[in-house]
Amino acid sequence: ASASSAQSAPGSASLALVRGRLPGAWLLGSELVIAIDQSNSAMLASGIDVDGDGRVGRTRNWAKDQRRFHERHENWTSDSGDTILAAAVAAATRFVDELSDRGSRIGVLTFTDAVRVRAELGPASAARAALAGIRATTDFKGTNLARALTIASRSEEHTSELQSQFRISYAV
């Protein structure tokens, strides 16, 4: 596995934005908050066959220009199971499954302009259940990753430094 590039979020010494891959040893006994983008752009096609049905969904041309977002989000792509949101949830679920036996505490939140905490820091089973409950939604207010990272860092402030060596937020 290759080392990832990580950046500290502004104003938070305990929060790292992670991109790429992390060596498994980094994640032993860690606290992670997974932030899933649920904004309108996440309802567009991912370009991969996420749901494994043999078809790769494509974004409809009219959905790209945001003039017809009054259409149901299921119609924005040729396969609603292959959206960016579906890919993010699938990747996060695999990530949580990999961490389930490493003593990590995991939280899950979704964000558009607003942030919704789906699972507080806790066992992998609670994070997995929260991920399974994430559904597509239509939101016209935009995307606020900064607010999601702020909420993620606040959830980690309530934990003891002795409980964990690493605190990581994973935005998908």
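See the structure shown above.
About the criteria used
Residues numbered from 1 in each chain as written. Predicted model: local features only at pLDDT ≥ 70, side-chain atom pairs only at ≥ 80, totals over all residues. Heavy atoms only, no water. Helix = DSSP H or I, 4+ residues; strand = E, 2+ residues; numbered from the N terminus. Buried < 20%, exposed > 50% of the residue type's maximum accessible area, 1.4 Å probe, protein only. Contact = heavy atoms within 4.5 Å. Areas by Shrake-Rupley, 256 points an atom, 1.4 Å probe, with all protein chains shown as cover. Axes fitted to C-alpha atoms, helices over the stretch in contact; angles between N-to-C directions. Parallel < 35°, antiparallel > 145°, perpendicular 65-115°, else oblique. Left-handed = near helix turned anticlockwise from the far one by under 90°. Nonpolar A, V, L, I, M, F, W, Y, C, P; charged D, E, K, R; others polar.

Check the secondary structure of the protein chain and you find four helices and six strands. Beginning at the N terminus, the succession of helices and strands in the protein chain can be written as β-β-β-α-α-β-β-α-α-β. Out of the 172 residues belonging to the protein chain, those deemed buried represent 43%. Long-range pairs, those at least 24 residues apart, make up 69% of the contacts in the protein chain between residues at least 6 apart in sequence. Summed over all atoms, the accessible surface of the protein chain reaches about 9200 Å², with 49% contributed by carbon and sulfur.

Another point: the packing of helix α2 (residues 84-99) against helix α3 (residues 124-132). It is at 10 Å that the axes of α2 and α3 come closest, and there the two elements cross at 165°. One element, α2, and the other, α3, form an angle in the roughly antiparallel class. For the element pair α2 and α3, the recorded crossing hand is left-handed. Touching V89, A92, T93, V96 and D97 of α2 are A124, A127, R128 and L131, all from α3. Looking at the contact of α2 with α3 residue by residue, the class counts come to six nonpolar, one polar and two charged.

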